[in-house]
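These are the residues of each chain, in order.
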Amino acid sequence: MTEPEKKSWWQRLSGGLRRTSASLGGALSDLVTRRRLDSAMLDEIEEALIRADLGVTAAARIAAAVGEGRYDKDVAPEDVKAIVAAEVEKSLAPCAHPLATDTAKPFVILVTGVNGSGKTTTIGKLAAKFSAEGKKVLLAAGDTFRAAAIDQLRIWGARTGATVIAREPGSDAASLAFEAVTAAKSENADILLIDTAGRLQNKTELMDELEKIVRVMKKVEPDAPHAVLLVLDATVGQNALSQLEVFRKIAGVTGLVMTKLDGTARGGILVALAEKFRLPIHFIGVGEGVDDLQPFSAKDFARAVAGME
Amino acid sequence: MFDTLSERLGGILDRLTRRGALSAADVDEALREVRRALLEADVALDVARAFIDRVRERAVGADVIKSVTPGQMVVKIVHDELVTTLGSDAQVIDLNAPAPVAIMMVGLQGSGKTTTTAKLAKRLTALNNKKTLMASLDTRRPAAMEQLAVLGRQVEIDTLPIVQGQTPPQIARRALEAGRLGGYDIVLLDTAGRITLDEAMMAEAADVKNAAQPHEVLLVADSLTGQDAVNLARAFDERVGLTGIVLTRVDGDGRGGAALSMRAVTGKPIKLIGTGEKMDALETFDPARIAGRILGMGDIVSLVEKAAANIDAEKMQRAAERMRKGAFDLTDLREQLTQMQKLGGMSGLMGMIPGVAKMKAQMASANLDDTLLKRQCAIIDSMTPQERRNPDILKASRKKRIAAGAGTTPEQINKLLKMHRTMADMMKAMGGGKRGPMAGLANALGMGGGLGGGMPSAEEMAKMAEQMKGGGAGGLPPTMPGLPPNFPGLPGGKMPGLGGLPGLPGFGKKK
């Protein structure tokens, strides 16, 4: 990666997480200024972390780590932030893996998630990214349920120059996936991105359909899908734990994408997810632009969460 | 949506109620756990803290009532505070303004605004008998306007023709003009959702508000939202001024903390909840009922209401008549199965009955989900009319044919036939009296004294609620079966409390 690109990515992330940092960082500075590190202060650190959606368990662990060896000592706000950032990074670092797409051709990526998490938009951005890398990209409009989802994907196809495989609304998503994988093979595509309809993880029949999509495409390509991405909306709270658990069980999720990280306080749930599931976090979406989907960096993310600017 | 929270709170409070005397330390410990449960349910930290403080304050100062354990007292206080936090009364969409009444929908992208707009339009048209026009002001997301147009065709609601290149306030004015000229009662404005809660988005929403002067401004918010819910609600309320909140994806297994938080922070009522992907899955939000659900007390009142709205009274009467005569054939059984599906299927029905959260898991593992109902319908559908009237003629070769037609095995058909026979026998045995079992069922479903009456009276509702509260164990009033006797499709005995007569006696909260 070149230097200016790196910088702009960092700016974007810290810009996107600005409010997270502002609330969390602000809270941390307030409470640490000219004070001894006592149990009341550790409680407040824990609460600041809970407010960032880290969840009770992760927040308690990190607060405890902050207290370790520093109890009853004077501490500067910057130190606390650095310690929090280091702890957050420790949780996230094992999960920062880029998505390698050169292990198979066509490399089939199935994109899943609950309704409104940003699947179709993420596919559009991924298509733009892969096309820019000179790869031949195929899109499959597997969201045959939501009104106009197919049109939305077609617009992305036109923008990125990717071929879109689609059928009428309401048709069977699994047979569309079958057709798409077949087409990707015959057209010698590098990447096939398959959209799916949004589904809540507690809807048995919809999860069965997802399982069928996965099963059916294996008939064409036994290794497919090579990657199954779960797209999570950054506003999501502790329910993300349940989402990942079920989607991983049913569809074999291999990695995460977190979208909409450019809003207000959010993003901490990734720490809880990383601690519990240890699945790779491939990308984060920090804006509406096509190139606002960026590879995930544990260090930058952790620093932004802790409010180190 | 509230399952996990309700399970947790139920567990914590259960331990408390079993204790005789309660020390301040006991209360503190229980409240710490309540706090953690609330936080894990995504209740905003400040809201959870304030909630706990209020409960503690009231618990300490509470008078001890004779024959009530201190633990039960705390349960009562937690329940009352939940209701207070959620807002005390159910509030509906206010349409009391000169037509066309403008209703503006705001929210983040992906919260479900467009779908909710279509659901609301359908609801207002069907329930309030209003002529409704929908307009999409989302000029940003690809195909957003088409999405509303497609949904409009689905629910048969007019949408404003799309004119490319107009700004949102221009579209809003055009929509209201079209509303006036077209004689519409209501104009629904679906605004653009943005990913970022930013100044440009707020300014645009404020512009639209100025242009349209909407009577209602509804924030559409995802019930799966985390701690950010409060920022979101507060920001929209400050800049645009909300009149209410619509909570979507309540049918997910999220724990619903967002509901508590947003209501507490903005003071604006939650008016509607989205409970499914179907276009009629939009319900009024009743805080008292939801609080009851959080505490695992079930939601009997909403079961009754839902049943009353869905079940065709006439069909019920016909079925009751036939059953009384002892003629209950497979066509009737098919009817029963369909009615159950309308009520939201097994899981929908179960969710409304107290104390079944745990059983739900058992049901899932026993594969007792809605597919079972569907399969049984398929079997009956694969029979000839003659076979449905007279199942006795079903021999091996016919069964084989039906199994092939329904995509199942002859064993499944035998199971269904056995179930039907048991039910028919039961009906015959019970049907002697003037008011057969179905009369009781119809009664419970709100059809009044005679079949085909109206909604249950306020007194009846109150009585029912009283029975539910006072009952504690076995909280279901005996007239509340809501289901045909010997609930179809459930293997007798395997499920605690299911099967047997009348209805579901075992469904009460276990003590």
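This text gives an overview of the structure that appears in the document. Values in this document were obtained by computation on a predicted structure and should not be read as measured data.

1. A word on the sheet that holds strand β4 (residues 186-190) of chain B
All names here are of chain B.
Logical step 1: Pairing within the open sheet is mixed, and its 8 strands lie in the order β3-β2-β4-β1-β5-β6-β7-β8. Looking along the sheet, the strands with just one partner apiece sit at the ends: β3 (158-159) and β8 (282-284).
Logical step 2: Pairing of strand β2 (residues 132-136) with β4 involves 5 bridges; the strand directions are parallel. Along β4, the bridge assignment pairs serine 136 with aspartate 190.
Logical step 3: This element, helix α8 (residues 199-212), spans β1 (101-106), β4 and β5 (216-222) of the sheet and lies at about 175° to β1.

2. Observations regarding the interface of chain A and chain B
Logical step 1: Taken together, the contact pairs 41 residues of chain A with 36 residues of chain B.
Logical step 2: Here chain A meets chain B over a buried area of about 3500 Å², counting both sides, of which 51% is carbon and sulfur.
Logical step 3: When the buried area of chain A at its contact with chain B is split by residue, Arg51, Val56 and Glu288 of chain A rank highest and sum to 15% of it.
Logical step 4: The salt bridge partner of lysine 203 of chain A is aspartate 251 of chain B, with a shortest N-O separation of 2.7 Å.
Logical step 5: Where chain A meets chain B, there are 13 residue pairs in polar contact (both at pLDDT 80 or more).
Logical step 6: Breaking the side of chain A that touches chain B down by element, the ones donating at least two residues are α3 (39-51), α4 (56-67), α7 (149-160), α9 (204-220) and α10 (239-251) of chain A.
Logical step 7: Its residues assigned to classes, the side of chain A that touches chain B shows 12 nonpolar, 17 polar and 12 charged.

3. Overview of the nonpolar core
Logical step 1: Leu92 and Leu273 of chain A together with Phe236 of chain B are the most contacted members of the largest nonpolar core, which has 138 residues in total.
Logical step 2: Considering every element that reaches this core, the biggest residue donor is helix α8 (residues 173-186) of chain A, with 8 residues.
Logical step 3: Two domains each provide a minimum of three residues to this core, namely domain 1 (9-95) and domain 2 (107-296) of chain A.

4. Quick look at unusual backbone geometry
Logical step 1: Cis geometry is found at the peptide bond from lysine 105 of chain A to proline 106 of chain A, where omega equals 0°.
Logical step 2: Assignment of secondary structure puts proline 106 of chain A in the loop between α5 (77-92) and β3 (107-112).
Logical step 3: Note that the residue after alanine 224 of chain A, namely proline 225 of chain A, is joined by a cis bond; omega there is -10°.
Logical step 4: Tracing the sequence through the fold places proline 225 of chain A in the loop between α9 and β7 (227-233).
Logical step 5: The phi torsion at glutamate 156 of chain B lies on the positive side, around 60°, for a residue other than glycine.
Logical step 6: Position of glutamate 156 of chain B relative to the elements: it lies in the loop between α6 (144-155) and β3.
Logical step 7: The class for glutamate 156 of chain B is exposed, based on a relative accessible area of 72%.
Logical step 8: Phi at arginine 249 of chain B takes a positive value of approximately 55°, unusual for a residue other than glycine.

5. Some remarks on the packing of α5 of chain A against helix α11 (residues 269-277) of chain A
All names here are of chain A.
Logical step 1: Two elements in contact, α5 and α11, have axes whose closest approach is 8 Å; the angle formed by their N-to-C orientations is 50°. Judged by the inter-axis angle, α5 sits oblique to α11. By crossing handedness, the relation of α5 to α11 is classed as left-handed. Counting all contacts with α5, which are made through Val88, Ser91 and Leu92, the residues of α11 involved are Leu270, Val271, Ala274 and Glu275.
Logical step 2: Of the residues in the contact of α5 with α11, the class split is 5 nonpolar, 1 polar and 1 charged.

6. Topic: the pattern of salt bridges
Logical step 1: Under the counting rule described, the total for this entry stands at 31 salt bridges over all chains.
Logical step 2: With its nearest N and O atoms 3.3 Å apart, the salt bridge here joins glutamate 81 of chain B to arginine 58 of chain B. With glutamate 81 of chain B in helix α4 (residues 70-86) and arginine 58 of chain B in helix α3 (residues 45-61), this residue pair connects regions lying 23 residues apart in the sequence.
Logical step 3: Within this structure, Glu47 and Arg51 of chain A together with Arg35, Asp46 and Arg49 of chain B form a network of salt bridges that share partners.

7. Details of the packing of aromatic side chains
Residues and elements named next belong to chain A.
Logical step 1: With the rule as written, the count across this model stands at 1 aromatic pair over all chains.
Logical step 2: Ring centres of phenylalanine 296 and phenylalanine 301 lie 5.4 Å apart, and the angle between their planes is 50°; on these two criteria the pair is classed as tilted. Across this residue pair, the class does not change: phenylalanine 296 and phenylalanine 301 are buried.
Logical step 3: Its guanidinium or amino end placed over the ring of tryptophan 156, arginine 159 lies 4.7 Å from that ring's centre, counting from NZ or CZ.

8. Regarding the packing of helix α9 (residues 229-239) of chain B against helix α10 (residues 257-266) of chain B
Residues and elements named next belong to chain B.
Logical step 1: Where α9 contacts α10, the axes come no closer than 9 Å and their chain directions differ by 35°. As α9 packs across α10, the resulting crossing turns out to be right-handed. Contacts between α9 and α10 involve Ala229, Val230, Ala233, Arg234 and Asp237 from the first element and Ala258, Ser261, Met262, Val265 and Thr266 from the second.
Logical step 2: In terms of residue class, the contact of α9 with α10 is made up of 6 nonpolar, 2 polar and 2 charged.

9. Describing the pairing of β1 of chain B
Residues and elements named next belong to chain B.
Logical step 1: Among the 6 residues that make up β1, 6 are buried, leaving the element largely enclosed by the rest of the structure.
Logical step 2: Going residue by residue along β1, you find Val101, Ile103 and Met105 tucked away on one face and Ala102, Met104 and Val106 tucked away on the opposite face as well.
Logical step 3: Alignment of β1 against β5, held across 4 bridges, turns out to be parallel. Along β5, the bridge assignment pairs valine 106 with leucine 219.

10. Description of helix α5 (residues 113-127) of chain B
Residue and element names in this part refer to chain B.
Logical step 1: Its 15 residues give α5 an end-to-end C-alpha distance of 20 Å, which sits within 8% of 21 Å, the value for a rise of 1.5 Å per residue.
Logical step 2: Where α5 is concerned, the buried positions are Lys113, Thr114, Thr116, Thr117, Ala118, Lys119, Leu120, Ala121 and Leu124.
Logical step 3: Asparagine 129 occupies a position one or two residues after α5 and carries a positive phi of about 60°.

11. So, helix α7 (residues 168-182) of chain B
Given 3.6 residues to a turn, an α-helix orients residues that are three or four positions apart in the same direction.
Residue and element names in this part refer to chain B.
Logical step 1: When the terminal C-alpha atoms of α7 are compared, their 20 Å separation across 15 residues agrees well with the 21 Å that a helix rising 1.5 Å per residue should span.
Logical step 2: Regarding α7, the residues found buried are Pro168, Pro169, Ile171, Ala172, Ala175, Leu176 and Gly179. Angularly, the buried residues of α7 cover 160° about the axis, an arc narrow enough to put them on a single face. Among the exposed residues of α7, those pointing more than 90 degrees away from its buried face are Arg180 and Leu181.
Logical step 3: Next to the buried residues of α7 lie β1, β2, α6, β4 and α8.
Logical step 4: Just past α7, the residue glycine 183 takes up positive phi, approximately 70°.

12. Observations concerning the side chain of serine 382 of chain B
Logical step 1: By the secondary structure assignment, serine 382 of chain B is in the loop between α17 (370-381) and α18 (385-389).
Logical step 2: At 3.4 Å, the side chain of serine 382 of chain B and the backbone nitrogen of alanine 406 of chain B are in polar contact.

13. Remarks on the pairing of strand β6 (residues 191-194) of chain A
Residue and element names in this part refer to chain A.
Logical step 1: Of the two faces of β6, the one carrying Ile191 and Leu193 and the one carrying Leu192 and Ile194 are both buried.
Logical step 2: Looking at chain direction, β3 and β6 are connected through 4 bridges and run parallel. Counted as the bridge partner of isoleucine 109 is leucine 193 from β6.
Logical step 3: Sheet topology places strand β4 (residues 137-140) next to β6; 4 bridges connect them, and they run parallel.

Parameters and conventions
- Residues numbered from 1 in each chain as written.
- Chains lettered and ligands numbered in written order.
- Predicted model: local features only at pLDDT ≥ 70, side-chain atom pairs only at ≥ 80, totals over all residues.
- Heavy atoms only, no water.
- Pairing = 2+ DSSP bridges.
- Helix = DSSP H or I, 4+ residues; strand = E, 2+ residues; numbered from the N terminus.
- Contact = heavy atoms within 4.5 Å.
- Axes fitted to C-alpha atoms, helices over the stretch in contact; angles between N-to-C directions.
- Buried area = accessible area lost by both parts, 1.4 Å probe.
- Salt bridge = Lys/Arg side-chain N within 4 Å of Asp/Glu carboxyl O.
- Polar contact = N/O pair within 3.5 Å; in protein donor to acceptor, adjacent residues only side chain to side chain.
- Nonpolar A, V, L, I, M, F, W, Y, C, P; charged D, E, K, R; others polar.
- Core = buried A, V, L, I, M, F, W, Y, C linked by side-chain atoms within 4.5 Å.
- Buried < 20%, exposed > 50% of the residue type's maximum accessible area, 1.4 Å probe, protein only.
- Domains from an automatic or database assignment.
- Parallel < 35°, antiparallel > 145°, perpendicular 65-115°, else oblique.
- Left-handed = near helix turned anticlockwise from the far one by under 90°.
- Phe/Tyr/Trp six-rings, centres within 6.5 Å; stacked < 30°, edge-to-face > 60°.
- Lys NZ or Arg CZ within 6 Å of the ring centre and 35° of its normal.
- Expected span 1.5 Å × (residues − 1).
- Arc of directions from axis to C-beta.

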